[in-house]
Amino acid sequence: MYVRAAAALATVTGSVVIGVLVLPTAAQAAGRHDRPVIIAHRGASAYAPENTLEAVDEADELDADWVENDVQRTKDGALVVIHDTTLSRTTNVEEVFPGRAPWNVRDFTATEIARLDAGSWKGAEFKGERIPTLHQYLERVDDNHQKLLMEIKAPELYPGIEDQILRQLRRDGWLRHEHVKRRLIVQSFSADSMRTVHERRPDIKTGFLGTPAVADLPAYAEFVDQINPSNTTISADYVEAVHALKGPHRKRLEVFTWTVNDAATAQRVAGYGVDGIITNAPDVVREAVDD
Ligand code: G3P
Ligand code: CA
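Calculation notes
- Residues numbered from 1 in each chain as written.
- Chains lettered and ligands numbered in written order.
- Predicted model: local features only at pLDDT ≥ 70, side-chain atom pairs only at ≥ 80, totals over all residues.
- Heavy atoms only, no water.
- Helix = DSSP H or I, 4+ residues; strand = E, 2+ residues; numbered from the N terminus.
- Buried < 20%, exposed > 50% of the residue type's maximum accessible area, 1.4 Å probe, protein only.
- Contact = heavy atoms within 4.5 Å.
- Areas by Shrake-Rupley, 256 points an atom, 1.4 Å probe, with all protein chains shown as cover.
- Donors = N, O, S within 2.8 Å, 3.2 Å for Na, K, Ca; no water.
- Near = heavy atom within 4 Å.
- Polar contact = N/O pair within 3.5 Å; in protein donor to acceptor, adjacent residues only side chain to side chain.
- Nonpolar A, V, L, I, M, F, W, Y, C, P; charged D, E, K, R; others polar.
- 1 Å grid on protein atoms, 1.4 Å probe; cavity = no way out; pocket = protein on both sides within 12 Å on 5 of 7 lines; lining within 4 Å.
- Points joined across faces, edges and corners; volume = space filled by probe spheres on them.
- Core = buried A, V, L, I, M, F, W, Y, C linked by side-chain atoms within 4.5 Å.
- Phe/Tyr/Trp six-rings, centres within 6.5 Å; stacked < 30°, edge-to-face > 60°.
- Lys NZ or Arg CZ within 6 Å of the ring centre and 35° of its normal.
- Arc of directions from axis to C-beta.
- Axes fitted to C-alpha atoms, helices over the stretch in contact; angles between N-to-C directions.
- Parallel < 35°, antiparallel > 145°, perpendicular 65-115°, else oblique.
- Left-handed = near helix turned anticlockwise from the far one by under 90°.

**Here's the deal with the overall build of the chain**
At step 1: Scanning the chain from N- to C-terminus turns up 13 helices and 11 strands.
At step 2: Residue burial in the chain is summarised as follows: out of 291 residues, 56% are buried.
At step 3: Sequence-distant contacts, at least 24 apart, represent 60% of the contacts inside the chain between residues at least 6 apart.
At step 4: Of the accessible surface of the chain, which amounts to about 12,700 Å², a share of 50% is contributed by carbon and sulfur atoms.

**Considerations on the coordination of the calcium ion (ligand 2)**
At step 1: For the calcium ion (ligand 2), every protein donor is listed as Glu68 (OE), Asp70 (OD) and Glu151 (OE), and the spread of their distances is 2.1 to 2.3 Å.
At step 2: Written as a sequence motif, the donor residues of the calcium ion (ligand 2) are E-x1-D-x80-E. Of the two residues, glutamate 68 and aspartate 70, neither departs from the other in class, the shared state being buried.

**Describing the site of ligand 1**
At step 1: Near ligand 1, the surroundings consist of His41, Arg42, Glu68, Asp70, His83, Glu151, Lys153, Gln187, Phe189, Leu209, Trp258 and Ile278.
At step 2: Residue aspartate 70 places a side-chain N or O atom 3.3 Å away from an oxygen atom belonging to ligand 1.
At step 3: Take lysine 153: an N or O atom from its side chain is 2.8 Å from an oxygen atom of ligand 1.
At step 4: When the free accessible area of ligand 1 is taken as 290 Å², the share hidden by the protein chains comes to 91%.
At step 5: The class makeup of the residues in the shell around ligand 1 is 4 nonpolar, 3 polar and 5 charged.

**Side note on empty space enclosed by the protein**
At step 1: The final tally for this structure, using the stated rule, is 2 cavities of 30 Å³ or more.
At step 2: The space that makes up the largest cavity amounts to roughly 70 Å³.
At step 3: Around the largest cavity sit Glu50, Asn51, Thr52, Val81, Ile82, His83, Thr90, Ala118, Trp121, Ile131 and Pro132, which together line it.
At step 4: For the lining of the largest cavity, the per-class residue count stands at 6 nonpolar, 4 polar and 1 charged.

**Re the environment of aspartate 290**
At step 1: Tracing the backbone through its elements, the reader meets aspartate 290 in helix α13 (residues 282–290).
At step 2: One polar contact links aspartate 290 to arginine 35, side chain to side chain, over a distance of 3.1 Å.

**Things to note about the nonpolar core**
At step 1: In this structure, Leu87, Leu148, Ile165, Leu169 and Ile227 are the most contacted members of the largest nonpolar core, which totals 70 residues.
At step 2: Here this core gets 5 residues from one element, more than from any other, and that element is helix α11 (residues 236–243).
At step 3: Every residue in contact with leucine 148, bar those within four places of it in the chain, is listed here: Trp66, Val67, Asn69, Tyr137, Leu138, Val141, Trp174, Arg183, Leu184 and Ile185.

**So, the packing of aromatic side chains**
At step 1: All told, the structure shown has 4 aromatic pairs when counted by the stated rule.
At step 2: Taking the centre distance of 5.7 Å and the plane angle of 90 degrees together, the rings of phenylalanine 189 and tryptophan 258 count as edge-to-face. One end of the pair, phenylalanine 189, is in the loop between β7 (184–188) and α9 (191–200); the other, tryptophan 258, is in the loop between β10 (254–257) and α12 (263–272), with 69 residues separating them in the sequence.
At step 3: The partly exposed category is assigned to tryptophan 258, whose relative accessible area is 22%.
At step 4: Cluster of aromatic residues (ring-pair linked, three or more members): Phe208, Tyr220 and Phe223.
At step 5: Across from the ring centre of tryptophan 174, 5.1 Å away, lies the NZ or CZ of arginine 183, which sits over that ring.

**What about the side chain of asparagine 228?**
At step 1: Note on placement: asparagine 228 falls in strand β9 (residues 226–228).
At step 2: A relative accessible area of 0% places asparagine 228 in the buried class.
At step 3: When sequence neighbours within four positions are dropped, the list of residues in contact with asparagine 228 reads Gln187, Gly207, Phe208, Leu209, Gly210, Glu254, Val255, Phe256 and Trp258.

**Digging into α9**
At step 1: Listed in full, the buried residues belonging to α9 are Ala191, Ser193, Met194, Val197 and His198. Down the axis of α9, the buried side of the element spans an arc of 160 degrees, and every buried residue falls inside it. Every exposed residue of α9 that faces more than 90 degrees away from the buried side is listed here: Asp192 and Glu199.
At step 2: Next to the buried residues of α9 lie β6 (147–152), α7 (161–171), β7, β8 (205–209) and α10 (217–220).

**Quick word on the packing of helix α6 (residues 134–143) against α7**
At step 1: Put simply, α6 and α7 touch, their axes get as near as 10 Å, and they point 45 degrees apart. When the axes of α6 and α7 are compared, the pair comes out oblique. Judged by the twist between their axes, the crossing of α6 over α7 is right-handed. On the side of α6, the interface is formed by Leu134, His135 and Leu138, while α7 contributes Ile165, Gln168 and Leu169.

**A word on α7**
Within an α-helix, residues lying three or four positions from one another point in the same direction, as the helix has 3.6 residues per turn.
At step 1: Buried within α7 we find Ile161, Glu162, Gln164, Ile165, Leu166, Gln168 and Leu169.
At step 2: Where α7 is buried, its residues contact β4 (66–73), β5 (79–81), α6, β6, β7 and α9.
At step 3: Two residues or fewer after α7 comes glycine 173, characterised by a positive phi angle close to 85 degrees.

This is the structure:
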């Protein structure tokens, strides 16, 4: 890929092209040619309603063995999988509960949320899809033999959610050695939340969502194994700066970047040497990076 696409990629990978000769970037020279892991963002959300069990299954059908989700909490303390902190965009909550604006997830009980249609907004064929509980979601990912990049969404709204999530993970078998070692990463935009998870369970792999200044990376490396930035914020140099550090498990700090839905961007970030690409369309990214 590097030689064939060199002319197109030279400006973004930093490779130097002389005729057909391609000089590698520092990352390539260091032997980091592995293809990035592909993570289905909110499931295969280009093709199925985000964060539903259907999106998990669609990811499975596309051979995406990693899925990403977002976890929040209901009024009565149930853990549910949904991205927005309100129910309006992805459900029919405004029809079912017209007097309950602003329709915050945290203002509805689990029973109320279970009544909502979380599929029709995406397409009539998905009518009746539900917002899954974390328990249902973990079961499905397990049944499909997939792996989970779990985001704790807006933890500042849900005090104590880290401990609650860890209890649920334990109940569902996700804190067993094989899951912790190979099948689970917990991430958040909240550094405090990730510090808490790391303190409670130092064996769990964690990620910080964002692009900290290079000078601040060593502080993050104390409690996260990954720095997971938007693809729009990174460069080959930034990825190299992250890779230069070791995380709490004494392994090279990794980069999973988001949200990459087109081939050109996938090839650009793959050229930077990222370890993972988070995408709504895992088939598109796979084809781009396998090319
Ligand atoms: O996994 C990365 C990505 O999910 C972060 O942004 O808003 O989609 O949760 P968001
Ligand atoms: Ca997310």
